[in-house]
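Structural description and commentary
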Amino acid sequence: MTCIELMVDEHKKVIRMLAVIRRLCGRVLNNEAVDYGDFFVIVDFIRNYTDKHHHGKEEAMLFARMMEELGPTAEKIIRHGMLVEHEFGRLYVKELEDAVRRVLEGDMDARLDVIANATSYTHLLARHIDKEDNVIYKYGQNNLSKETMDRLERECDAFEQTAAESKTQDKYLNILKELEAKYIA
Ligand SMILES: [Fe+2]
Ligand SMILES: [Fe+2]
């Protein structure tokens, strides 16, 4: 699997987690029993898998190379588009975490902030991933030099190897499967 194929595959896992988030928000909305601790598990997945593991590769490898090599239009799209959206995602997740804490402290109005931030995050990421899969990754793949693509593969392999040593990929895939079994099945 190439680095770009791997990142497209990671998007599929991220999208599966977005479905879990939406289902959990539905429970909050309908006043059903909710294990609010699961939101913290989701926040861990988002921060360490979606952001650190997946966006980490985009930011340090593919997008960095595209900004260096593909001129001002590519730089503008990445810096003011993709990277800004990564930042918005971080903000929603921070606000989600704060809102879950407030609910657990007894502030039931904060359920609205849980739903608002969690669903806003899902909409943002779904649009973001669609752009990456259909435009940004393809643009990078079609326009970066062969040497740069080779370098990307080497860096990506080393990154994956290091993550595998601390079982990052397995850990977060298991978390995803557990939450799907609880909320989607
Ligand atoms: Fe991204
Ligand atoms: Fe991505």
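As a reminder, the structure under discussion sits directly above these lines.
Described in the following lines is the structure provided in the data block. (Residues numbered from 1 in each chain as written. Chains lettered and ligands numbered in written order. Predicted model: local features only at pLDDT ≥ 70, side-chain atom pairs only at ≥ 80, totals over all residues.)

A few points about helix H1 (residues 3–29)
Convention followed: For the purposes of this entry, the term helix denotes a DSSP run of H or I that reaches at least four residues, the term strand denotes a run of E that reaches at least two, and both are numbered from the N terminus. What a helix is expected to span follows from its residue count: subtract one and scale by 1.5 Å. As a rule, residues whose C-beta atom has 12 or fewer other C-beta atoms within 10 Å are exposed, those with 20 or more are buried, and those in between are partly exposed; C-beta atoms are placed from the backbone. By the criterion used throughout, residues are in contact when their C-beta atoms, derived from the backbone, lie within 7 Å.
The end-to-end C-alpha separation of H1 is 39 Å, in line with the 39 Å expected for 27 residues at 1.5 Å each. Considered for burial, the residues of H1 that qualify are Cys3, Ile4, Met7, Glu10, His11, Val14, Met17, Leu18, Val20, Ile21, Leu24 and Cys25. Its buried side turned inward, H1 meets helix H2 (37–69), helix H4 (110–143), helix H5 (146–165) and helix H6 (168–183). Positive phi appears at Asn31, one or two residues downstream of H1, with a value of about 60 degrees.

What to know about the environment of Leu18
Within the secondary structure, Leu18 is located in helix H1. With 12 residues separating them along the chain, Leu18 and Leu6 place their C-alpha atoms 19 Å apart. Other than its neighbours up to four places away in sequence, Leu18 contacts Thr122, Leu125 and Ala126.

What to know about the nonpolar core
What counts here: Here a nonpolar core is just a set of buried residues of the types Ala, Val, Leu, Ile, Met, Phe, Trp, Tyr and Cys, joined wherever their C-beta atoms sit within 7 Å.
Membership of the largest hydrophobic core comes to 23 residues, with the highest contact counts inside it found for Met17, Ile21, Ile42 and Leu96. Elements represented by at least two residues in this core include exactly H1, H2, helix H3 (71–104), H4 and H6. Top element by residues in this core is H1. It accounts for seven residues. Counting residues in hydrophobic clusters, the runner-up holds 15 residues, among them Cys3, Met66, Ala74 and Tyr137.

Quick notes on the packing of H2 against H5
Just so we agree on the cut-off: Axis definition: a line fit to C-alpha positions, over the contact stretch in the case of helices; interaxial angles, taken between N-to-C directions, run 0 to 180 degrees. Any angle that falls under 35 degrees is termed roughly parallel, while one over 145 is termed roughly antiparallel, one within 65 to 115 roughly perpendicular, and all others oblique. What makes a crossing left-handed is the near helix being turned counterclockwise from the far one by less than a right angle; a clockwise turn instead makes it right-handed. Classes in brief: Ala, Val, Leu, Ile, Met, Phe, Trp, Tyr, Cys and Pro nonpolar; Asp, Glu, Lys and Arg charged; the others, Gly included, polar.
Where H2 contacts H5, the axes come no closer than 11 Å and their chain directions differ by 165 degrees. As judged from the angle between their axes, H2 and H5 are roughly antiparallel. The crossing of H2 and H5 is right-handed. Taken together, the residues of H5 that come into contact with H2 (itself represented by His53, Lys57, Met61, Leu62, Arg65 and Glu69) are Thr148, Leu152, Glu155, Cys156, Phe159 and Ala163. Considering only residue class, the contact of H2 with H5 consists of six nonpolar, two polar and four charged.

Describing the packing of H1 against H6
Between H1 and H6, the shortest axis-to-axis distance is 10 Å and the interhelical angle comes to 35 degrees. Crossing angle aside, the handedness with which H1 passes H6 is left-handed. The residues of H6 that touch H1, namely those facing Lys13, Arg16, Met17, Val20, Arg23 and Leu24, are Leu173, Leu176, Leu179, Glu180 and Tyr183. Class assignment of the residues belonging to the contact of H1 with H6 gives a composition of seven nonpolar, no polar and four charged.

As for H2
Because an α-helix packs 3.6 residues into every turn, residues spaced three or four apart end up facing the same way. We count it as follows: Bend is computed residue by residue as the angle between axes fitted to the seven residues ending at the residue and the seven residues starting at it.
Along its length, H2 shows its largest kink, about 40 degrees, at Phe63. Phi for Gly71, located one or two positions after H2, is positive at around 85 degrees.

Here's the deal with unusual backbone geometry
Here the phi dihedral of Asn31 falls at roughly 60 degrees; this positive angle occurs in a residue that is not glycine. Relative to the assigned elements, Asn31 resides in the loop between H1 and H2. For Asn31, a count of 9 C-beta atoms within 10 Å gives the class exposed.

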